[in-house]
Amino acid sequence: MRRLLHILPLIPLLAAVGCTGITRKVGPVEIEQIERLGSSGVEVQIFVPNRSGHNLKIESAELLFHYKGSPLVRAELRGGVIIKRRTENHLTTRWRLTADDPSALLLLENRLRAQQTEELTLDYRARIKCGPAKKTFSAEKALLSEILCTFVATN
């Protein structure tokens, strides 16, 4: 589960940072604390420095995990997140997890623990504001194994 929860705040942040031209000025993102909020909520505290001259706001973010092509678990950012300019930010992100099948979260967690991510894919959509510009970033059927290797392997 911990590897799953590392992904939640990273996807919209990476989309924002990678596509706004301030890649060298924001990050790296570090997970400080993860706390479950009941059966369908998660609070993830992160640290992210922003050395750029712009506030970076994640207005919305949604992730959908798929297993063998079928939707499995949806994660939705609750409320926006502002990464203030020229500061080191300690932020709290809250996520709502939903699944049609109650065992879906357990299946996803077990696959991640066993590092069996070959059949897991991810759709994401994030609405980002950087300075005066707003943009929506999205991807469909991104291989979760590649995302984990690239962004989460050292955590």
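Bear in mind that the values here come from a model prediction, so they are computed numbers and not experimental data.

**So, the pattern of salt bridges**
Step number 1: Evaluated as defined, the whole model comprises five salt bridges.
Step number 2: Across the pair R94 and E43 runs a salt bridge whose closest N-O atoms are separated by 2.8 Å. One end of the pair, R94, is in strand β6 (residues 87–98); the other, E43, is in strand β2 (residues 41–50), and 51 residues separate them in sequence.
Step number 3: The class of E43 is buried, set by a relative accessible area of 9%.
Step number 4: The network of salt bridges with shared partners includes E59, R127 and K134.

**Brief notes about the confidence of the model for the protein chain**
Step number 1: Of the residues in the protein chain, 79% have a pLDDT of 70 or more, and the chain-wide mean is 80.
Step number 2: At the level of individual helices and strands, the protein chain shows its lowest average pLDDT in helix α1 (residues 2–19), which scores 56, and its highest in strand β4 (residues 70–77), which scores 92.

**Some remarks on the pairing of strand β8 (residues 133–143)**
Side-chain direction in a regular strand flips from residue to residue, so the side chains alternate between the two faces of the sheet.
Step number 1: Pairing of strand β7 (residues 120–130) with β8 involves nine bridges; the strand directions are antiparallel. If you follow K129 over to β8, its bridge partner there is K134.
Step number 2: Linkage of β7 to β8, two consecutive antiparallel strands, is achieved through a turn of two residues, within which G131 is found at a positive phi near 65°.

**Some remarks on the pairing of strand β1 (residues 30–37)**
Step number 1: Bridge count for β1 against β2 is seven bridges, and the pairing is antiparallel. Paired with R36 across the strands is V42, a residue of β2.
Step number 2: Counted along the chain from β1 to the antiparallel partner β2, the turn is three residues long, and its residue G38 has a positive phi close to 70°.

**Some words on the environment of Q116**
Step number 1: Relative to the elements of secondary structure, Q116 occurs in the loop between α2 (104–113) and β7.
Step number 2: Here the alpha-carbon distance between Q116 and S145, two residues 29 residues apart in the chain, equals 8.3 Å.
Step number 3: Side-chain polar atoms of Q116 contact the side chain of R111, separated by 2.7 Å.

**Details of the side chain of D123**
Step number 1: Locating D123 in the fold gives a position in strand β7.
Step number 2: Nearest to the buried, unbridged D123 among oppositely charged side chains is K141, at 4.2 Å.
Step number 3: A polar side-chain atom of D123 sits 2.8 Å from a polar atom in the side chain of H66.
Step number 4: In this structure, D123 is in contact with E62, L63, L64, H66, A139, E140 and K141, ignoring residues within four places of it in sequence.

**A word on unusual backbone geometry**
The general pattern is negative phi for most residues beyond glycine and trans for most peptide bonds.
Step number 1: Positive phi is not limited to glycine here, since K68 has a value of about 55°.
Step number 2: Mapped onto the elements, K68 comes out in the loop between β3 (56–67) and β4.
Step number 3: What makes K68 exposed here is its relative accessible area of 57%.
Step number 4: Here the phi dihedral of K141 falls at roughly 55°; this positive angle occurs in a residue that is not glycine.
Step number 5: Looking at the element boundaries, K141 is found in strand β8.
Step number 6: Given a relative accessible area of 43%, K141 falls into the partly exposed group.

The rules behind these values
Residues numbered from 1 in each chain as written. Predicted model: local features only at pLDDT ≥ 70, side-chain atom pairs only at ≥ 80, totals over all residues. Heavy atoms only, no water. Salt bridge = Lys/Arg side-chain N within 4 Å of Asp/Glu carboxyl O. Helix = DSSP H or I, 4+ residues; strand = E, 2+ residues; numbered from the N terminus. Buried < 20%, exposed > 50% of the residue type's maximum accessible area, 1.4 Å probe, protein only. pLDDT = per-residue confidence, 0-100. Pairing = 2+ DSSP bridges. Polar contact = N/O pair within 3.5 Å; in protein donor to acceptor, adjacent residues only side chain to side chain. Lys, Arg positive; Asp, Glu negative; His and termini not counted. Contact = heavy atoms within 4.5 Å.

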